[in-house]
Amino acid sequence: MKKNVLLLAFAAFVLTNTCFSQQTYPLAAPSDKRPGLYAFTNATVFTDYKTKAEGATLLIRDGKVVAAGTGVTVPADAVTYDCSGKTIYPSFIDLYATDYGLPAPPPAAQGGRFGQQQQAQPSTPAEPKGAAYSWNEALKPEFNAVALFTNDAKASEDWRKQGFGAVLTHRSDGISRGTGALVLLGSEREHEMIVSDRVAHFLSLKKGSSRNPYPSSLMGLIALIRQTYMDGQWYKTEGYKTEKNLSLDAWNAVQSLPQVFEAGEKLDIFRINRIGEEFGVKYIVKTSGDEYQRLNEVAKTGYPLIVPVNFPEGYDVRDPYDALNVSLTELKHWEMAPANAGMVQTAGITFALTSNGLKERSKFLENVRKTIEYGLTEENALKALTFTPATLAGAYNSLGSLEPGKTANFIVTNGNIFKAETKILQNWCNGAAYDVTVEKAMPREKMGTYDLKAGDKSYTLTLKGKPDAPEAQLITADSLKLKATFSFSPGGLVTLSFQPDTLKKGNITLSGAPVSNGWSGNGTMPDGSWLNWSATQTKGPGGEREKQPTKQNPVTPPEVGTVVYPFTAFGWKEKPKAQTFLIRNATVWTGEKDGILKNADVLVNNGKIQRIGRNLPVQDNASVIDGTGKHLTAGIIDEHSHIAITRNLNEGTQESTSEVRIGDVVDSEDIDIYRQLAGGVTSSHLLHGSANPIGGQTQLIKLRWGLTPEEMKFQNWPGFIKFALGENVKQSSSPNSTRFPQTRMGVEETFNDYFTRAQEAHRNTASSNAPESLTGKTLNWRLCSKS
C-alpha cells in the first residue's frame, strides 16, 4: 500500500511538472486560457530558406511548431485556416535593431575639439550609477539591454509590417555599448518576449553621449579601444588585486560573447580587423553598405557582415551649379549601392540583412526587392533574413526556420514575398496572430472563368470587371444565362447568389472559402435545403490558365557601373600591379656619386630597380617606355605631411597622446594622394597636427594610388613619434581652454614629467599596469617647433 501511495504521489508530481507550466504572474478571473492549436492548410510553406513544400500544412500548438510539410495530420480540435494561394515563411530577424524597447540614450556630447577643456572624469555621471566604473563614459560594457527592455507597441508593429518577428536590440551609445538582447516582436509580457539575454557585445567607432573630451578623433577612439583590451588583460591577471573596476569586470565577462562591431565606412572594416588581429578577436561587422568598393580585401578578413539596404536617394542635378557639388563618388555609390548585397553574395561572405539606417523602415522590403533585381538571389535573401541572423545570434535552435519544436514565428503572404505586388497578410509571433494587410479587394488573378458545381448541377461562372467590385455571369449547361451577384470578403470568403433555371422563385445562395484554384463550401436551395458546391478556375483574367514553369527564367540584373580603386575621381578600373619596365634613353638623376646620366636606360622589375645603363636588352614581358627628352629622378619624399588622414589629424584633448597612431587612420581614398603624385611626390611621412606637446605615432606611406591603407604603409619601418613646441601646444590663446600646459614653461615640464614616468615604467618592466602612452617602445623622435 505504501508503495502504491508513493507511485501515485510521483505520478501527480510528473503530471504537475510536465503538463502545466508554472505561472509567475497572477491571472485575473474570468480566465480563458486556450491551447492555441492552429492548422494552416493548402499553403506553400518554406520550412527554411531552401526548403519549399506546395500544398503543405503548418501545425502549431502553444506558440511552437508541431509539424510543417505535406502529409501532416490535422487534429480534430485544431482551428483550421485554408491558405490556398498563400505562402508561409519563417519570420525575419534583424541583428541590428538599435534602441528597440530601450530608453533613449542621453544626447551626444558636443565638443572635445582643439582648444577645449580637458576633463578626465565628469563630476556627475550622465545616468545614475556609482563611481567604480570606467574613467571614460564612452566605455559602457556593463550596460545590459535586457535589464531595461520593455515592449514598444508602435515600433513592433512597424517591424512586423516588414516581415520581422524578432530583433537583437542594443543601445547605440558609446564605443563599448554593452550587451544586446534577442526579443520577439509580440505584445505579450516582456518575460515571454525575451528569447535570450546577453546575446552579443556591441562596439562602435563612435563616442556617443560621453562628456569626456577624450577621444575627439578616430585615432583616439581606436587607441581607447586598444587600451581597454590591454587594461582588461591586466585587470584579469593582476589589477583585480589592487582595485575594483566594474567596467573592466563587465568588459572581461563579455569577451566570451559574439562581438558585433559597427563600421562607419568601408575602410573602418580594415581598422576593426587590425584591432582584431592584435588581440585575437573575431568580429561580426555591421557595415555601411559600401563594402563592395573594397570587396576582395573585406572577404579576406573572414568576418560575417550585417549589411544594410539604406540606398542613397537620387541627386537633383538639373541645375549645373548644383551638379558641380555632387562628387563622382556620390554618384557612383547611388548607382551601385543596390548591387552591394549581390556582390557580397558572389564574394562568398556570410551576411545578414538589416533595416538599420533606413529613414523609413517601411522601405525595407522595397529595398530588399531592389537588391534582388541587382543580383541577390531570392534564396540568399531569405537566408540572410532567417537562417544567418538566427545562427549568428546563437538562436537557430528556436528561430530562423519552421522545424518542429521551434517558436511559431512566421508570416503569411499572398504570394512570393520578394515580388512587388505581394503583401504580408499576417505576422504570427510566438503563436499569436497580428494582422498586417486586410484583403479588401479580390486578387486580380482570381478573375476569370470557373467550372461551378452546385449539388448535381454544373455551370460556367465568369468573373470580370474590377477586382474590388467583380461582376458575375452564370451560364447553365444548356447555355442559359442567369443573373447572379458575387461578393468577396476580407480573408478570401465569397458569396454567390443566383436564381436557378428550373425555378421561378427564390435564389440559391452559396458561401465558401478559397481552395487551390478556386473556392468550395456550402449553400442553401430556395426551399432551405443544403448543398455542397465548388468552383475551379479554368481561365485566368488574361485567357487560358497558364501553368507555372518549373524553373523561372533567370532575371538579368540592371546594368551598373564599374568599381574603381580608389572609389573616387581618377580611380583605376584594375588596381596597378608591379611589372617589368624598361625606360630607355632618359636623363637619369641618380642622386649618387654617378651624378646625372645622359641617354641612359633603367630596368625596373617587381618594384625594384634592377639595372641602370645604356642599350640594356629588352626582357620578356617588359613594357618599354621611351624616355627621350625626359628626366628620371627618385620620387620626392614629403617628410612632413598631413594628407590621407581621416576624421581629425589631432587628438588635442590631452597634453600627451602618444598612444594614438596615424597608421590607424590612413585614408587611401584622399584625392590629395593623386595630386601629390602629379607633383612628383611618391612617399609621405604623415604626422599629427601640433595641438599638444606629445602628439602620437606617425606613419610613413608610399603613395600607391588605388591600394588599401595597409598596402600603402612602409613595412618594418622603425617608427616615429611627434613632439611639438610653440604657441599651438600651450593653447593659451584658445577660448575656454584650461588644459595644461598654458605656458612654454609648462610645455617643458610636460616633457620632463612624461619622460621621467616613461623611464620609471621602462625600468619596472614587471609593472604591467603602465598604459601604452608610458611604455618604453623604441621610437624615433620628431620635434616640430612652431613659433
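In short, a report on the structure. (Residues numbered from 1 in each chain as written. Predicted model: local features only at pLDDT ≥ 70, side-chain atom pairs only at ≥ 80, totals over all residues. Heavy atoms only, no water.)

1. Side note on unusual backbone geometry
Point 1. For the peptide bond that leads from tyrosine 214 to proline 215, omega is -5 degrees, which places it in the cis range.
Point 2. Mapped onto the elements, proline 215 comes out in the loop between β9 (194-203) and α5 (218-237).
Point 3. Between phenylalanine 740 and the following residue, proline 741, the backbone shows a cis peptide bond with an omega angle of 0 degrees.
Point 4. Relative to the elements of secondary structure, proline 741 occurs in the loop between α17 (727-730) and α18 (744-763).
Point 5. Of note in the backbone geometry, asparagine 615 takes a positive phi value of approximately 55 degrees without being a glycine.
Point 6. Among the secondary structure elements, asparagine 615 is positioned in the loop between β28 (608-613) and β29 (623-626). (Helix = DSSP H or I, 4+ residues; strand = E, 2+ residues; numbered from the N terminus.)

2. Quick notes on the layout of surface pockets
Point 1. Of the pockets and cavities examined, the second largest pocket occupies roughly 1700 Å³.
Point 2. Considering the residues around the second largest pocket, the lining is formed by 36 residues, among which Val604, Gly607, Lys608, Thr682 and Arg704 are closest to the centre.
Point 3. When contributions to the lining of the second largest pocket are tallied by element, the ones reaching two or more residues are β26 (580-589), β27 (596-605), β28, β30 (631-633) and β32 (681-686).
Point 4. For the lining of the second largest pocket, the element with the highest residue contribution is β26, accounting for four residues.
Point 5. When grouped by side-chain class, the residues that make up the lining of the second largest pocket number 21 nonpolar, nine polar and six charged. (1 Å grid on protein atoms, 1.4 Å probe; cavity = no way out; pocket = protein on both sides within 12 Å on 5 of 7 lines; lining within 4 Å. Points joined across faces, edges and corners; volume = space filled by probe spheres on them. Nonpolar A, V, L, I, M, F, W, Y, C, P; charged D, E, K, R; others polar.)

3. Quick notes on the pairing of strand β2 (residues 51-61)
Point 1. Where strand β1 (residues 37-48) lies against β2, eight bridges are found, and the strand directions are antiparallel. Bridging from a neighbouring strand, alanine 43 pairs with alanine 56 of β2.
Point 2. Taken together, β1 and the strand that follows it, β2, pair antiparallel across an intervening segment of two residues.
Point 3. The pairing of β2 with strand β3 (residues 64-69) spans five bridges and is antiparallel. From the neighbouring strand, leucine 58 faces β3, where its bridge partner is alanine 68. (Pairing = 2+ DSSP bridges.)

4. Here's the deal with the pattern of salt bridges
Point 1. Summed over all chains, the structure comprises 33 salt bridges.
Point 2. The residue arginine 647 makes a salt bridge to glutamate 265 at a minimum N-O spacing of 3.4 Å. Separated by 382 residues along the polypeptide, arginine 647 in the loop between β31 (636-641) and α15 (671-678) and glutamate 265 in the loop between β10 (259-262) and α7 (266-279) bring together distant segments of the chain.
Point 3. On the basis of relative accessibility, which here comes to 36%, the residue arginine 647 falls in the partly exposed class.
Point 4. Since its relative accessible area comes to 18%, glutamate 265 is described here as buried.
Point 5. With its nearest N and O atoms 3.9 Å apart, the salt bridge here joins glutamate 366 to lysine 363.
Point 6. Classification of lysine 363 by relative accessible area gives partly exposed; the value is 34%. (Salt bridge = Lys/Arg side-chain N within 4 Å of Asp/Glu carboxyl O. Buried < 20%, exposed > 50% of the residue type's maximum accessible area, 1.4 Å probe, protein only.)

5. Brief notes about the sheet that holds β32
For sheets, the rule is that strands pair by backbone hydrogen bonds, running either parallel or antiparallel.
Point 1. Pairing is mixed across the open sheet formed by three strands, whose spatial order is β31-β32-β34. One side of each edge strand has no neighbouring strand; the edge strands of this open sheet are β31 and β34 (699-702). On average, each strand axis in the sheet is tilted by 20 degrees relative to the strand beside it, whichever way the strands run.
Point 2. Note that β32 and β34 share four bridges and pair antiparallel. Note on β34: the bridge partner recorded for histidine 685 is leucine 700. (Axes fitted to C-alpha atoms, helices over the stretch in contact; angles between N-to-C directions.)

6. Comments concerning empty space enclosed by the protein
Point 1. For the structure shown, the criterion picks out four cavities of 30 Å³ or more.
Point 2. Roughly 60 Å³ of internal volume is contained in the largest cavity.
Point 3. Lining the largest cavity are Leu267, Phe270, Arg271, Arg274, Gly663, Asp664, Val665, Val666, Pro709, Glu710 and Lys713.
Point 4. Sorting elements by how many residues they give to the lining of the largest cavity places α7 first, with four residues.

7. Focus: the packing of aromatic side chains
Point 1. As enumerated under the stated definition, the model contains 30 aromatic pairs in all.
Point 2. Their ring planes at 80 degrees and their centres at 5.9 Å tell us that phenylalanine 92 and phenylalanine 164 sit as a pair that is edge-to-face. Within this pair, whereas phenylalanine 92 is found in strand β6 (residues 92-98), its partner phenylalanine 164 is found in strand β7 (residues 164-170), the two being separated by 72 residues in sequence.
Point 3. Between phenylalanine 164 and phenylalanine 364, the ring centres sit 4.9 Å apart and the planes meet at 45 degrees, which makes this aromatic pair tilted. (Phe/Tyr/Trp six-rings, centres within 6.5 Å; stacked < 30°, edge-to-face > 60°.)

8. Overview of the nonpolar core
Point 1. If you look at the biggest cluster of nonpolar residues, it comprises 108 residues, and the most contacted ones within it are Tyr100, Leu182, Tyr283 and Leu353.
Point 2. The element contributing the most residues to this core is α5, with eight residues.
Point 3. Setting aside residues no more than four positions away along its own chain, tyrosine 100 makes contact with Phe149, Asn151, Asp152, Ala155, Ser156, Trp159, Val167, Thr169, Val183 and Leu185.
Point 4. Grouped together as the second largest cluster of nonpolar side chains are 23 residues, Ala472, Ala484, Ile508 and Trp519 included. (Core = buried A, V, L, I, M, F, W, Y, C linked by side-chain atoms within 4.5 Å. Contact = heavy atoms within 4.5 Å.)

9. Looking at the sheet that holds strand β13 (residues 351-354)
Point 1. An order of β6-β7-β8-β9-β10-β11-β12-β13 is seen for the eight strands of this open sheet, with the pairing classed as mixed. Of all the strands in the sheet, the pair left with one neighbour each is β6 and β13. Across the sheet, the mean angle separating the axes of adjacent strands is 30 degrees when strand polarity is ignored.
Point 2. Pairing between β10 and strand β11 (residues 283-286): four bridges, direction parallel. When the sheet's bridge partners are listed, valine 260 is paired in β11 with isoleucine 284.
Point 3. Helix α13 (residues 378-385) rests against β6 and β13 of the sheet, and its axis sits at about 75 degrees to β13.

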